[in-house]
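Each chain is listed here by its residues.
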There are 2 protein chains.
Amino acid sequence: MQKYFISRECFERRVLEGDTAFQIKTVLRGKIKDQFLLGVDAQSYLVEITKMTSKEVFFEVIEEQTKNVELPFVVDLYQGFPKGDKLEQIIKYGTQLGMGAIYPVIMKRSVVKIENSKKEVKQKRYQKIAVEAAEQSLRNQVPFVAMITELDKIDFSSYDVKLLCYEESAKNQETSEFKKQICSLKPGNRVAVVVGPEGGIDPKEKSFLEQQGFVCVGLGPRILRTETVVLYVLSAISYEWELGK
Amino acid sequence: MQKYFISRECFERRVLEGDTAFQIKTVLRGKIKDQFLLGVDAQSYLVEITKMTSKEVFFEVIEEQTKNVELPFVVDLYQGFPKGDKLEQIIKYGTQLGMGAIYPVIMKRSVVKIENSKKEVKQKRYQKIAVEAAEQSLRNQVPFVAMITELDKIDFSSYDVKLLCYEESAKNQETSEFKKQICSLKPGNRVAVVVGPEGGIDPKEKSFLEQQGFVCVGLGPRILRTETVVLYVLSAISYEWELGK
């Protein structure tokens, strides 16, 4: 079933406008009585179309959906800004796998330079990708996409567990820290995950993060590309905590 | 360090030709004494450039690499043929995460139709993508990419564990079968993983696979797109078996 995230204000007025109305009316050829899901803040509702005008779709609420599909932890990604369209891929895959928020971070080894004037446009586009991915994977919440930032401007103090995915850890066959950290999580914990860009984490960045309480973790013996790291982390957390034995 | 997979025959002659020689000489501007890794069948060697001609790169072997980065199981993917460039993505990500082989399967709900005459060209292109991804992730082995096939032409009898990733299992909140199967694996086991295309698995396909010994498994509460399923499976297997507590 299709899902759309809308504002609380539209929800209270029981009307869809703009892109969402166009999508339902014109792209999907919606009809009176068609049902779909609406996400409002972190709540979901099954709704039914009651009326359509040229630019609006009116609906009534059938029932609130109580199913929660969110991870039992908040897992936020601080992603070293990668090349090409990889950030889009990371947002798409990360959203499906339960990512909480993503902070694109220009790190020392990021090849891409982004002018300040373009940051807002990019943020808006990334946020839109997150909304679409959250709709497709029927998430309760849309991951927040932050403005592109820099490492020393971030306050990590609100996190309970801080993981630095560090290639050298994997190369040195450090294999136990990640699982130890994941197994020690408690429901509601906030987890920060830092992933370097293609060239990895610079030694100064590593020192800075360690001072902030980050622990270096290795993710097995194969070299993972930057865009794959968070998928491993989120899949592993889901496997450990969402699947029973 | 860069890695290249070459034939046993080239390795015995201690010479690189064709694309690999061009890559080293021209793209990477290789010099005498430069070192890199060569993969030959499932073995890896550290080698050094000794001489270059216009079209050849000669090398000597410094040492055999004994590090094994392969999963302790053979995990083969039978992927319902997806839309667009998703199969390429699956090959790239799956190779990084340790996939054994991939069999692209035209299933009932595959939207794409592929003429027989084009299958060989596609297979060659997919295999090349697997080689490049295996080189980048320093795999010991290149995943074999099979010719595009159909479900009823496949012999699954060589597999010890057969997993059908089934969206309805996840929707019905079946959460224990996957972990139970993964935890029961024994070193060297052969695992077949079937993933449907965008529209999922048809009931007849499900019956057929169950007759072949497949078990339906759910992968958590979120809806995963077809291209994400095997990443979850491989990450979970790595987490369970390659990382210590």
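All values derive from a computational prediction rather than experimental measurement.

(A) The arrangement of the packing of aromatic side chains in detail. A full pass over the atoms with the stated rule returns 24 aromatic pairs over all chains. On the numbers, 4.9 Å between centres and 85° between planes, the contact of Phe156 of chain A with Phe214 of chain A is edge-to-face. With Phe156 of chain A in the loop between strand E9 (149-150) and strand E10 (161-165) and Phe214 of chain A in the loop between helix H7 (203-211) and strand E12 (215-217), this residue pair connects regions lying 58 residues apart in the sequence. Across the pair, exposure class does not vary: Phe156 of chain A and Phe214 of chain A are buried alike. Aromatic side chains Tyr78 of chain B and Tyr103 of chain B sit 4.4 Å apart centroid to centroid with 15° between the ring planes, which places their arrangement in the stacked category. Placement of the pair is Tyr78 of chain B in strand E6 (residues 74-80) and Tyr103 of chain B in strand E7 (residues 101-106), with a sequence separation of 25 residues. Joined through ring pairs, the aromatic side chains of Tyr78, Tyr103, Phe144, Phe156, Tyr159 and Phe214 of chain A make up one cluster. Above the face of the Phe11 of chain B ring, Arg14 of chain B is positioned so that its terminal group lies 4.6 Å from the ring centre.

(B) Geometry of the layout of surface pockets. Estimates place the volume of the second largest pocket at around 1100 Å³. For the second largest pocket, the lining is made up of 41 residues, of which Gln136 of chain A together with Glu167, Lys171, Ile223 and Leu224 of chain B are closest to its centre. Listing elements by their share of the lining of the second largest pocket, those giving two or more residues are helix H4 (116-136) of chain A together with helix H5 (167-171) and helix H8 (226-242) of chain B. For the lining of the second largest pocket, the element with the most residues is H5 of chain B, which contributes four residues. Residues of the lining of the second largest pocket, tallied by class, amount to 17 nonpolar, eleven polar and 13 charged.

(C) Local environment of the interface of chain B and chain A. Across the boundary between the two partners, chain B contributes 42 residues, which contact 42 residues of chain A. Counting each side, the surface lost to burial between chain B and chain A is near 4100 Å², with a carbon and sulfur contribution of 57%. For chain B, the biggest contributors to the area lost against chain A are Lys179, Arg222 and Tyr239 of chain B; these three give 20% of the whole. The interface formed by chain B and chain A includes two salt bridges. The residue Arg222 of chain B makes a salt bridge to Glu242 of chain A at a minimum N-O spacing of 2.9 Å. Inspection of the region where chain B meets chain A yields 26 residue pairs in polar contact (both at pLDDT 80 or more).

(D) Focus on the sheet that holds strand E5 (residues 57-65) of chain A. All names here are of chain A. Strand order in the open sheet formed by five strands is E1-E3-E4-E5-E2, with mixed pairing between adjacent strands. The open sheet has two edge strands, strand E1 (3-6) and strand E2 (15-16), and neither has a second partner. Relative to E5, E2 runs antiparallel, the two being bridged by two bridges. In the sheet register, Leu16 faces E5, and the bridge partner there is Val57.

(E) How the structure looks around helix H2 (residues 18-27) of chain B. All names here are of chain B. Looking at H2, one finds that the buried residues are Thr20, Ala21 and Ile24. Seen end-on, H2 carries its buried residues on one side only, within an arc spanning 95°. Next to the buried residues of H2 lie strand E1 (3-6), strand E2 (15-16), strand E3 (35-40), strand E4 (43-52) and strand E5 (57-65). Immediately beyond the C-terminal end of H2, within one or two residues, lies Arg29, with a positive phi of roughly 50°.

(F) Structural context of the relation of the copies chain B and chain A. Note on the copies: chain B fits chain A at an RMSD of 0.0 Å, the axial shift is 0.0 Å, and the rotation between them is 180°. The superposition of one copy onto the other is thereby described by a two-fold rotation axis. For chain B, the minimum C-alpha distance to the rotation axis belongs to Ala236 of chain B and amounts to 2.6 Å. A symmetric contact is evident, with 100% of the interface residues of chain B recurring at the interface of chain A.

(G) Representation of the pairing of strand E4 (residues 43-52) of chain A in the model. Residue and element names in this part refer to chain A. Across six bridges, strand E3 (residues 35-40) lies against E4 in antiparallel orientation. If you follow Val40 over to E4, its bridge partner there is Gln43. Sheet topology places E4 next to E5; eight bridges connect them, and they run antiparallel. In the strand pairing of E5, Ser44 is matched with Gln65. Counted between consecutive antiparallel strands, the loop separating E4 from E5 contains four residues.

(H) Layout of the packing of helix H3 (residues 86-96) of chain B against helix H4 (residues 116-136) of chain B. All names here are of chain B. Running from N to C, H3 and H4 point in directions that differ by 30°, and their axes come no closer than 8 Å. Of the possible angle classes, the one that applies to H3 and H4 is roughly parallel. In terms of crossing hand, the pair formed by H3 and H4 is right-handed. In contact with Leu87, Glu88, Ile91, Lys92 and Thr95 of H3, H4 contributes Arg125, Tyr126, Ile129, Ala130, Ala133 and Ala134. Grouping the constituent residues of the contact of H3 with H4 by class yields seven nonpolar, one polar and three charged.

(I) Inspection of the pairing of strand E11 (residues 190-195) of chain A at higher detail. All names here are of chain A. Among the six residues that make up E11, five are buried, leaving the element largely enclosed by the rest of the structure. Two strands pair when backbone bridges link them, and strand E6 (residues 74-80) and E11 are joined in this way by six bridges, in the parallel orientation. Bridged to Asp76 within E11 is Ala192. As judged from the five bridges shared by E10 and E11, these two strands associate in the parallel manner. Looking at the pairing, Lys162 lines up with Ala192 of E11.

(J) Inspection of the sheet that holds E2 of chain B at higher detail. The five strands lie next to each other as E1-E3-E4-E5-E2 (chain B), forming an open sheet whose pairing is mixed. The open sheet has two edge strands, E1 and E2 of chain B, and neither has a second partner.

(K) The arrangement of the pattern of salt bridges in detail. On inspection of all chains with the given rule, the structure shows 32 salt bridges over all chains. The salt bridge involving Arg8 of chain B is made with Glu12 of chain B; its shortest N-O contact spans 3.6 Å. Of this pair, Arg8 of chain B and Glu12 of chain B both sit in helix H1 (residues 8-13), separated by four residues, roughly a single helical turn. With relative accessibility at 30%, the residue Arg8 of chain B sits in the partly exposed group. Among the salt bridges present, the one from Arg139 of chain B reaches Glu70 of chain B, with a minimum N-O distance of 2.8 Å. Here Arg139 of chain B, found in the loop between H4 and strand E8 (144-145), pairs with Glu70 of chain B, found in the loop between E5 and E6; they are 69 residues apart in sequence, far enough to count as distant. Of the two residues, Arg139 of chain B and Glu70 of chain B, neither departs from the other in class, the shared state being buried. In the salt-bridge network here, residues are joined through shared partners; they are Lys86, Glu198, Arg225 and Glu227 of chain A.

Each value, and the rule that gives it
Residues numbered from 1 in each chain as written. Chains lettered and ligands numbered in written order. Predicted model: local features only at pLDDT ≥ 70, side-chain atom pairs only at ≥ 80, totals over all residues. Heavy atoms only, no water. Phe/Tyr/Trp six-rings, centres within 6.5 Å; stacked < 30°, edge-to-face > 60°. Helix = DSSP H or I, 4+ residues; strand = E, 2+ residues; numbered from the N terminus. Buried < 20%, exposed > 50% of the residue type's maximum accessible area, 1.4 Å probe, protein only. Lys NZ or Arg CZ within 6 Å of the ring centre and 35° of its normal. 1 Å grid on protein atoms, 1.4 Å probe; cavity = no way out; pocket = protein on both sides within 12 Å on 5 of 7 lines; lining within 4 Å. Points joined across faces, edges and corners; volume = space filled by probe spheres on them. Nonpolar A, V, L, I, M, F, W, Y, C, P; charged D, E, K, R; others polar. Contact = heavy atoms within 4.5 Å. Buried area = accessible area lost by both parts, 1.4 Å probe. Salt bridge = Lys/Arg side-chain N within 4 Å of Asp/Glu carboxyl O. Polar contact = N/O pair within 3.5 Å; in protein donor to acceptor, adjacent residues only side chain to side chain. Pairing = 2+ DSSP bridges. Arc of directions from axis to C-beta. Least-squares fit on C-alpha atoms with pLDDT ≥ 70 in both. Axes fitted to C-alpha atoms, helices over the stretch in contact; angles between N-to-C directions. Parallel < 35°, antiparallel > 145°, perpendicular 65-115°, else oblique. Left-handed = near helix turned anticlockwise from the far one by under 90°.

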